[in-house]
Each structure stands twice: as structure tokens, then as C-alpha cells.
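For reference, the chains in residue letters:
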Amino acid sequence: MCGIVGYKGKKDACGILIEALKRLEYRGYDSAGIAVWHEGKVEVARKKGKVDELRKVIADGSFTGKMGLAHTRWATHGTPSEHNAHPHKAGDVVVVHNGIIENYIELKERLRKEGHKFLSDTDTEVIPHLIASYLKKGMDFVDAVRSALKELKGSYALGIIRETDKMLIAARKESPLIIGVGAGEYFIASDAPAIINRTKRFIFLEDDDIAIFADGTVRLIDLEGKTVKREIHQVQWSDAMAEKGGFKHFMLKEIFEQPRAISDTLIGRVKEERGEVAFEELKLPDLAKVKKIWMVACGTSYHACMIGKYLFESVLHIPVETDIASEFRYREPILKKDDMLVLVSQSGETADTIAAMKEGKKRGVYTLSICNVLGSTLARDADGVIFTHAGPEIGVASTKAFTTQISVLFLLMLHIGERLGKLNKQDISRYINEIKQIPHKVQSILDMSGQIEEMARRYMVHRDFLYLGRGINYPAVLEGALKLKEISYIHAEAYAAGEMKHGPIALIDENMPVVFVSPHDHTYKKTCSNVEEVISRRGRVLIFTDDPLHEMADRVETFFVLPQTIYALQPILSVVPLQLLAYYIANFLGTDVDQPRNLAKSVTVE
Ligand code: G6P
């Protein structure tokens, strides 16, 4: 995710803004920019690459002034480049933005007809143009901003200034933005670490709040112009705590970011009323000819591929073959010319997955990557790319990348289903309606994290765990077991529940916690029998289910109820408590959760 900082006060803004950007560097970004106001003029500089590159551009001292904005960009629309970097300017309006504007294409078309010229590929650029168009109609700055915000669909945290005004305006909707209150000075920031060394007094803006900084004070209004009141909070955060947004570890922060990450991944792609899923600039091959889809990846991303297989096969009846990337190219896969190869990768830089893409290209098949990092190798070199909008993932153990990968695979399934005539508009609207409820359902699980923490306390003493699930939840338990072993170093194995009697059952005794994911779907009865088998061998059973009346509820030690959803979306919900369980166990054991021993975030060797 991008970083925003802003300053209005009595000191030199430039130094403060650059320092604040540097403090956000740990989050990852691909370009940076700054705008400083001075006596009716705004100087803007932008640079691809690091903040130090930007610092070189402004080293001549021309950026003096006591009000300004700065930004680090993590590209979502348009490649990482100088012309796509923020701030964006239209007329005399200068804007930095985090979030995604869903209706930017419609707005851009309308503004173009009014004579506006666009210089970037970003969704953001419509915002200053929209404000400028209202200013041209005679509105004052605040009203022009309010009117523009009312037209935006999607999410935003914004910092806005204009040359002919001494005011700084900030606004937020579904993207974090805080105000730092100093002595006779104000800061804005998307993240506390940017400014925690300057002040510990914060106002946390809420959705639809607009903050107006003028005449040495800040005034808050809503979109209708009515005054709103927000308290000033005094926080006691250290630098390290602030980086993690008050969470103890990045991994926990990222688990809790999942509702927003999934929403951001859906934004702009799902059109529920029209029964449509659209991917910007994605050119797929002639789908009627595609007889088989291959899904290839490593680690957690491979588990997403396995879920993709269940999705495509159960809903569209298109055969999908999944493969671990390091196996794929050494086993002479029988790729046919019209097959499609889908590569899934958070980083877009995993060496084995890149090698699999190259193999596919060599064999002449269409390659499609699903990545989280714009400008990464897989994003650049595959024939098509769809981005997950999870934002930077810093914890080595992947969490929000996984649930957004599943979300993208689900959307891709709907898109292909529609194009092949396998799903009609009503079907698609129904599916869209279901996935749109997922962020809220994930949130309701996160709200019960206390229960999972208690569970972790109870089971942390064990050295071996077994995870069992069936159908589309089989990959979810594989992922749950992977999370536990990655960060707690506890031995955890996962099996399709039906395989239990072919080996793992021999391990079961009173020292073996067995984690079941057992929703009330077509696999329910069979899994109940497996639970029975474990109980009779004195295994300690934990059940995660969407059925509060599960017939084994009273017979097992631990029982956790998940929200209900359709079969195709169950793994997104069932994996969240498993991520939390792994996290809390590791935290109790005191391991290095964010950087577990021997593991790397991005494995760039084969
Ligand atoms: C490493 C990471 C895992 C990740 C895997 C694949 O092993 O530690 O969390 O799932 O690589 O990475 P990718 O970036 O391709 O998804």
C-alpha cells in the first residue's frame, strides 16, 4: 500500500516530509513524490525508485515552504514510473492518494469531454481534475473537494492542496489516515510510524471525514459540510509498535487487514447489477479452445492453486491440473498448445514459478500470472496479469496474499464462466453478492480472535498436530498446517480427511491435537465419521465448522463456529482461524514470527 504524509505548520515542510517518507520505507514502494507550497506556487517532484532518489532531485533547495504533501507509491493502476507517481496535479490542484477509485474510467471519460488532459495511467489523476472542474464552476476549495468526493466510488485517503489557497485538506474513506497534532503544527499520515517521532497526539479520521487545516487550526466536516467531532488520542507507541499499527507483529496486522485487502481486490472488478466481472486490460486467449488449465506455484500460493482447481472444476467443469512449480518443468508436463497456464505468486519473483512460466512460454501456451507486486517479473513477463490488491506483505508467512489470491481465482472463474456461456448474468450476480459479503464475514471471525488465543494457550504444549479437511477445505487445512510449522516450528501435517485411515491414524493418541475443518456441505457426514475415529483413539479434537448444531459439537474438546457462505468461498473463511491459531501459538512460544528461522519472503533461487 502507498504511504501519505502531509505537513502544515511553521517549520520547513520539505525536511519533515522527506524524513516521514523515509520512516515508511519498510513497507515497500516503487516511487516517491513531494509537493511543497510557497507563496501561491506549488513545486512538485516525483521519482521512480527510492526516497533518496527523490531527495537528490530536490537537493537544490528550491522546495522551501511550510505546507506540503508527499507520497510513496506501491503501484496498483499503471506501472511504477515517474509519470504515475504522486502527487498528481490538475490546474492548480495537487493530490496524493491511497486506495482505489473504482469509477475512474467513467469519470475520466466525462472529464476528457470537458477538455481535461490526463498524463498518467492512474486512477488517482481523476481526483485533482474533478476538483479543478468544480473550482472552474466557481465553487470554493472546500465545496469543490466535497462535491468531488461525493462522486468517487471506492476507497481513498487523500491529501490535497492548491496553489491559490493556504489551506490543506485531508479526507478518508476505507483507507487509513491520521492527523498528528503538534505544537502549532499539524501532520497527516496514512501510518503512524511516519510521524510518531514528531507527536504522539493523534486524531483517527473516520470514513467520510474531511479535515481542513487553515489559520493554525483543524476543522472536521462530513461530506455534507456538517461539523464532526473526533477526539485527540494520546498514544504510547514506540517506533516499532507504530510500524505495526499497534499490532505486535506484521503477521497479525496482515491477518487483520484481510477484510480490507479482499475488498480492495474486488473493487472495480465486480459489477453486481450487470452480472459481470471485468479485469482491466486483460486479454485472454480464445477460451473456447482451452481444454485444460494448469495452475502452478510454490508454498502458500500453491495452496491457492489447489483451491482454484476445486473452483473451476466444481463450478465450470473445466479440468485443472495443479503443480508445484519446482516439479512442473522437470516432469515433462503434457502441455497442449491451447492450454492455459496460470502462475500464482505473491512476490512475482519466485524463481521456480518464473521458470515454470518460461517453460510454458517455450511450449507456446498462454501464460497468466496472479501477482501482488506490480512490476515484478511474473507480472511483466506473463502474457496476462491480474493483481491481488493485498498491499505489501511483510510477514514471511503469507496470509492476506493467500485470501486475495483465492478471491482473484474466484473472480477469474466467474469471468471465464460468463465468457464461455457456462454462467448467466443471474448466476454471476449471485456469486458476486456472496463474495461481497466475505470481508464482513472475515471481520466477524477476527472479532472472535480472543477465543482462538485461548485455544492456542491450551494446545501450545504439543509438538505434533494433524489437520484434516475434505473437498475445497483440504487445501485450507494444508495451509493451516503450513502456517503452524512455518512460524512455531511445531510439526504439523495435513491430509485429506479420507486419507487418515491410510497412515496418519497410526499417530493418533492423547498427545495429538487433530484440527478438523468440517462445514455442513456434501462432505459433512464422512468427516463426522473421521472425527469419531479420532475420538475413539483419544485424540484431542478441534472442529471449525459453519454448523452451530454440528453433531459432534458436544463430543469434542474445542468447537469454533464460522460464518456460513457458499462452498466455493468456504476456504477464505476457514483459513482465517487457522492463521490465528498458528500465530497465537508461535507468539506464546516466543518465536520470531515475522522472520521465522530458515525461511525467506521471496525465494529467488531454484
Ligand atoms: C516463500 C514464502 C512463502 C510463499 C512462497 C511462494 O516460501 O515464505 O510464504 O508462499 O515463497 O512465494 P510467492 O511470492 O511466489 O507467492
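Just so it is clear, the structure is predicted and the values come from calculations on it, not from any experiment.

## What to know about the nonpolar core
Here is step 1 of the chain: The biggest cluster of nonpolar side chains holds 90 residues, and the ones touching the most others in it are I293, F312, M340, F410, I416, Y467 and F544.
Here is step 2 of the chain: Here this core gets twelve residues from one element, more than from any other, and that element is helix α19 (residues 570-589).
Here is step 3 of the chain: Residue-level mapping places this core at the junction of two domains, with at least three residues from each of domain 2 (252-441) and domain 3 (448-589).
Here is step 4 of the chain: With residues up to four places along the chain from it excluded, the contact list for Y467 reads V477, G480, A481, L484, A492, E493, A494, Y495, V515, L578 and L581.
Here is step 5 of the chain: Residues I101, L107, I160 and I210 belong to the second largest nonpolar core, which totals 32 residues.

## Digging into the site of the ligand
Here is step 1 of the chain: The environment of the ligand is formed by 13 residues, the closest being S301, S345, Q346, S347 and T350.
Here is step 2 of the chain: Between the ligand and Q346 there is a distance of 2.7 Å, counted from an oxygen atom to a backbone nitrogen or oxygen.
Here is step 3 of the chain: Summarising the interface, the protein chains cover 91% of the accessible area of the ligand, which totals 380 Å² for the free molecule.
Here is step 4 of the chain: Here the residues of the shell around the ligand are counted per class, giving four nonpolar, eight polar and one charged.

## Some details on the pattern of salt bridges
Here is step 1 of the chain: Across all of its chains, the model carries 39 salt bridges by this definition.
Here is step 2 of the chain: Residue R162 is joined to D92 by a salt bridge in which the shortest nitrogen-to-oxygen separation is 3.3 Å. Placement of R162 in strand β7 (residues 156-162) and of D92 in the loop between β5 (88-90) and β6 (93-98) is noted, with a sequence separation of 70 residues between them.
Here is step 3 of the chain: Using a relative accessible area of 15% as the deciding quantity, one classes R162 as buried.
Here is step 4 of the chain: Because the salt bridges share partners, they merge into one network encompassing K22, E25, D52 and R55.

## Some thoughts on the environment of E532
Here is step 1 of the chain: Within the fold, E532 resides in helix α18 (residues 524-536).
Here is step 2 of the chain: Accessibility expressed as a relative area gives 35% for E532, which makes it partly exposed.
Here is step 3 of the chain: Sequence separation between E532 and M552 is 20 residues; the distance between their C-alpha atoms is 8.0 Å.
Here is step 4 of the chain: Ignoring any residue separated from it by four or fewer positions in sequence, one finds E532 in contact with M552 and R555.

## Description of the sheet that holds strand β21 (residues 384-387)
Here is step 1 of the chain: Ordered by their spatial adjacency, five strands build an open sheet running β18-β17-β19-β20-β21, and the pairing between neighbours is parallel. Every interior strand has two partners, whereas the edge strands, β18 (320-324) and β21, have only one. Across the sheet, the mean angle from the axis of one strand to that of its neighbour is 20°, orientation sign disregarded.
Here is step 2 of the chain: Examined bridge by bridge, strand β19 (residues 340-345) and strand β20 (residues 366-371) share six bridges and lie parallel to one another. Within β20, the position partnered with L341 by the bridge is T367.
Here is step 3 of the chain: Across the face of the sheet, helix α11 (residues 351-362) comes into contact with β17 (293-297), β19 and β20 while running at roughly 165° to β19.

## Things to note about unusual backbone geometry
Here is step 1 of the chain: P87 follows H86 through a cis peptide bond whose omega is 0°.
Here is step 2 of the chain: By the element assignment, P87 lies in the loop between β4 (67-73) and β5.
Here is step 3 of the chain: Positive phi, close to 45°, is recorded for E39, a residue that is not glycine.
Here is step 4 of the chain: Residue D215 is not a glycine yet carries a positive backbone phi of 50°.
Here is step 5 of the chain: Its place among the elements puts D215 in the loop between β12 (209-214) and β13 (217-221).

## With respect to the packing of helix α3 (residues 104-113) against helix α4 (residues 126-136)
Here is step 1 of the chain: It is the contact of α3 with α4, at a shortest axis distance of 10 Å, that shows an interaxial angle of 45°. With respect to their mutual orientation, α3 and α4 come out oblique. In this structure, α3 meets α4 at a crossing whose hand is left-handed. Counting all contacts with α3, which are made through Y104, L107, K108, R110 and L111, the residues of α4 involved are V126, H129, L130, S133 and Y134.
Here is step 2 of the chain: Here the residues of the contact of α3 with α4 are counted per class, giving six nonpolar, two polar and two charged.

## Considerations on the side chain of R162
Here is step 1 of the chain: Separated by 3.3 Å, the side chains of R162 and D92 make a polar contact.
Here is step 2 of the chain: Each residue touching R162, except ones within four places of it in the same chain, is listed here: W37, V42, D92, V93, L135 and F141.

## As for the pairing of strand β9 (residues 178-181)
Here is step 1 of the chain: On β9, burial covers both faces: I178 and G180 on one face and I179 and V181 on the other are all buried.
Here is step 2 of the chain: Bridge analysis of β9 against strand β10 (residues 186-189) gives four bridges, and the strand direction is antiparallel. Residue pairing for β10: V181 is matched across the bridge by Y186.
Here is step 3 of the chain: Count of turn residues in the β9/β10 antiparallel hairpin: four residues, of which G184 carries a positive phi of about 70°.
Here is step 4 of the chain: As paired elements, β9 and strand β11 (residues 201-204) share three bridges and run antiparallel to each other.

## Overview of the packing of aromatic side chains
Here is step 1 of the chain: Evaluation of the coordinates by the stated rule reveals nine aromatic pairs.
Here is step 2 of the chain: Arranged with centres 5.9 Å apart and planes meeting at 75°, the rings of F410 and Y431 form a pair that is edge-to-face. Of the two residues, F410 is situated in helix α13 (residues 400-419) and Y431 in helix α14 (residues 425-436); the sequence distance between them amounts to 21 residues. Pair check on accessibility: F410 and Y431 agree, each one buried.

## Quick word on the environment of E39
Here is step 1 of the chain: Mapped onto the elements, E39 comes out in the loop between β2 (31-38) and β3 (41-48).
Here is step 2 of the chain: Overall, the relative accessible area of 66% leaves E39 in the exposed class.

## Things to note about the domain arrangement of the chain
Here is step 1 of the chain: Segmenting the chain into domains produces domain 1 (3-243), domain 2 (252-441) and domain 3 (448-589).
Here is step 2 of the chain: Between the C-alpha centres of domain 1 and domain 3 there is a distance of 45 Å.

Conventions adopted
- Residues numbered from 1 in each chain as written.
- Predicted model: local features only at pLDDT ≥ 70, side-chain atom pairs only at ≥ 80, totals over all residues.
- Heavy atoms only, no water.
- Core = buried A, V, L, I, M, F, W, Y, C linked by side-chain atoms within 4.5 Å.
- Buried < 20%, exposed > 50% of the residue type's maximum accessible area, 1.4 Å probe, protein only.
- Helix = DSSP H or I, 4+ residues; strand = E, 2+ residues; numbered from the N terminus.
- Domains from an automatic or database assignment.
- Contact = heavy atoms within 4.5 Å.
- Near = heavy atom within 4 Å.
- Polar contact = N/O pair within 3.5 Å; in protein donor to acceptor, adjacent residues only side chain to side chain.
- Areas by Shrake-Rupley, 256 points an atom, 1.4 Å probe, with all protein chains shown as cover.
- Nonpolar A, V, L, I, M, F, W, Y, C, P; charged D, E, K, R; others polar.
- Salt bridge = Lys/Arg side-chain N within 4 Å of Asp/Glu carboxyl O.
- Pairing = 2+ DSSP bridges.
- Axes fitted to C-alpha atoms, helices over the stretch in contact; angles between N-to-C directions.
- Parallel < 35°, antiparallel > 145°, perpendicular 65-115°, else oblique.
- Left-handed = near helix turned anticlockwise from the far one by under 90°.
- Phe/Tyr/Trp six-rings, centres within 6.5 Å; stacked < 30°, edge-to-face > 60°.

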